[in-house]
Amino acid sequence: MSGKVAVVTGATRGAGRAIAVELGAAGATVFVAGRTTRAQQSPVGRSETIEETASLVDAAGGKGIAVRCDFTVPSDVDALVARLDRLDIFVDNAWGGENLVEWGKFWEHDLERQLRMWRNGVESHLVALHRLMPLVVQSSDGLVVEVTDGEDGEAYFVNLAYDAVKNSVRRFGEVLAKDLRDVPNVTAVAATPGFLRSEQMLETFGVTEANWRDACEKVPDYALSETPHYLGRGIVHLAADPDRRRFAGQCLSSWRLKREYGFTDLDGSQPDWGRWWDDVVKPRIAGVVVEADPLAYR
């Protein structure tokens, strides 16, 4: 990635932060874009900042440039674009819906929260694409990644609002590839992690990255969880693949990327949430209990 310029939206924490760091570790200059800075916190209300992410990119060997940007505000994105001379890798990862998700029937929950989830998770992606794609298509070797949740539309996610957000983002990757049919130098895909051990998910389960396995007693599926760096490493391998256009329009999961490129998570394991889902979780949903060793899927 040496000499490449990347923008990662929603890079304050979670998958966005890890993707930015992994791109930096591969030598890229990464514009780390998000809403929470040392001076201003976003409505998500968490402490992670874009300056911290930029420092982590630097420490990994790249160049991190923190840019405060609300991707639902076109003028904010215009200010980011003004700082770019080129753009080779665009990871459209903004989410900001962590504190808006409610489980169950969507009509039983607050409408404004669900509309804000839509604006944060979908409108932000559309605004970012509209403003940044003119730069990406000028790259001689461009890549656009729409980060979502879920490999396809088969699974039911949380409720209608959340499900619609994540399926919309997945569809962005698919349709964008059609828009780019006559632009052979740019590839567009969607991408998804598996069971993600983000900062917030670790806190939800009452563990840290050092002792995360303690949560497996209560939630056995957590044994198949992965760090956000797992997807980040997959995206780096994809970006370095000269034949990546064969994936145009597809949704690439961390486990599928692992199968393709053979990389590992930070601890050297290779969690395969897709196999676990097919072999264990789907039968469980159908009422069939399957005995399986989670370690065999790592």
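Our structure is the block above this text.
Residues numbered from 1 in each chain as written. Predicted model: local features only at pLDDT ≥ 70, side-chain atom pairs only at ≥ 80, totals over all residues. Heavy atoms only, no water.

Peer 1: What am I meant to see in the packing of aromatic side chains here?
Peer 2: Where two aromatic rings form a pair, the distance of their centres and the angle of their planes describe that pair. What the rule picks out here adds up to 10 aromatic pairs. Measuring from centroid to centroid gives 4.4 Å for F205 and Y222, while their planes differ by 25 degrees, and the two rings are stacked. Here the residue F205 occupies a position in the loop between α6 (199-204) and α7 (228-240), and Y222 occupies one in the loop between α6 and α7, the gap between them amounting to 17 residues. When its relative accessible area of 0% is taken as the criterion, Y222 is described as buried. On the basis of an interplanar angle of 80 degrees and a centroid distance of 5.1 Å, the ring pair of W276 and Y297 is categorised as edge-to-face. One end of the pair, W276, is in helix α9 (residues 273-285); the other, Y297, is in the segment after α9, and 21 residues separate them in sequence. (Phe/Tyr/Trp six-rings, centres within 6.5 Å; stacked < 30°, edge-to-face > 60°. Helix = DSSP H or I, 4+ residues; strand = E, 2+ residues; numbered from the N terminus. Buried < 20%, exposed > 50% of the residue type's maximum accessible area, 1.4 Å probe, protein only.)

Peer 1: Whenever I open this one, the environment of Q250 confuses me. Can you help?
Peer 2: Residue position: Q250 is located in the loop between α7 and β7 (251-253). As for Q250 and L143, which are separated by 107 residues in sequence, their C-alpha atoms are 13 Å apart. Engagement of the side chain of Q250 in a polar contact is seen with the backbone oxygen of R246, the distance being 3.2 Å. (Polar contact = N/O pair within 3.5 Å; in protein donor to acceptor, adjacent residues only side chain to side chain.)

Peer 1: Would you take a moment to explain helix α5 (residues 160-179) for this structure?
Peer 2: An α-helical segment advances 3.6 residues per turn. Residues three or four places apart therefore align on the same side. The end-to-end C-alpha distance of α5 is 27 Å, a good match for the 28 Å that 20 residues give at a rise of 1.5 Å each. Every buried residue of α5 is accounted for by A161, Y162, D163, V165, K166, S168, V169, R170, G173, L176 and A177. The opening residue of α5, the one whose side-chain oxygen lies 3.1 Å from the backbone nitrogen of A161, is N159. (Expected span 1.5 Å × (residues − 1).)

Peer 1: Would you explain the side chain of T227 in this entry?
Peer 2: The residue T227 is located in the loop between α6 and α7 in this model. Only 2.5 Å separates the side chain of T227 from the side chain of D265, close enough to count as a polar contact. Setting aside residues no more than four positions away along its own chain, T227 makes contact with L196, R197, E209, D265 and L266. (Contact = heavy atoms within 4.5 Å.)

Peer 1: Help me understand the packing of helix α1 (residues 14-25) against α7, please; the structure alone is not making it clear to me.
Peer 2: Helix-helix packing is characterised by the crossing angle of the two axes and by the distance between the axes. Between α1 and α7, the least distance of the axes is 8 Å, while the angle of their chain directions is 45 degrees. Looking at the two axes, α1 sits oblique to α7. In the packing of α1 onto α7, the handedness of the crossing is right-handed. On α7, the residues that touch G14, A15, A18, I19, V21, E22 and L23 of α1 are P228, H229, L231, G232, R233, I235 and V236. (Axes fitted to C-alpha atoms, helices over the stretch in contact; angles between N-to-C directions. Parallel < 35°, antiparallel > 145°, perpendicular 65-115°, else oblique. Left-handed = near helix turned anticlockwise from the far one by under 90°.)

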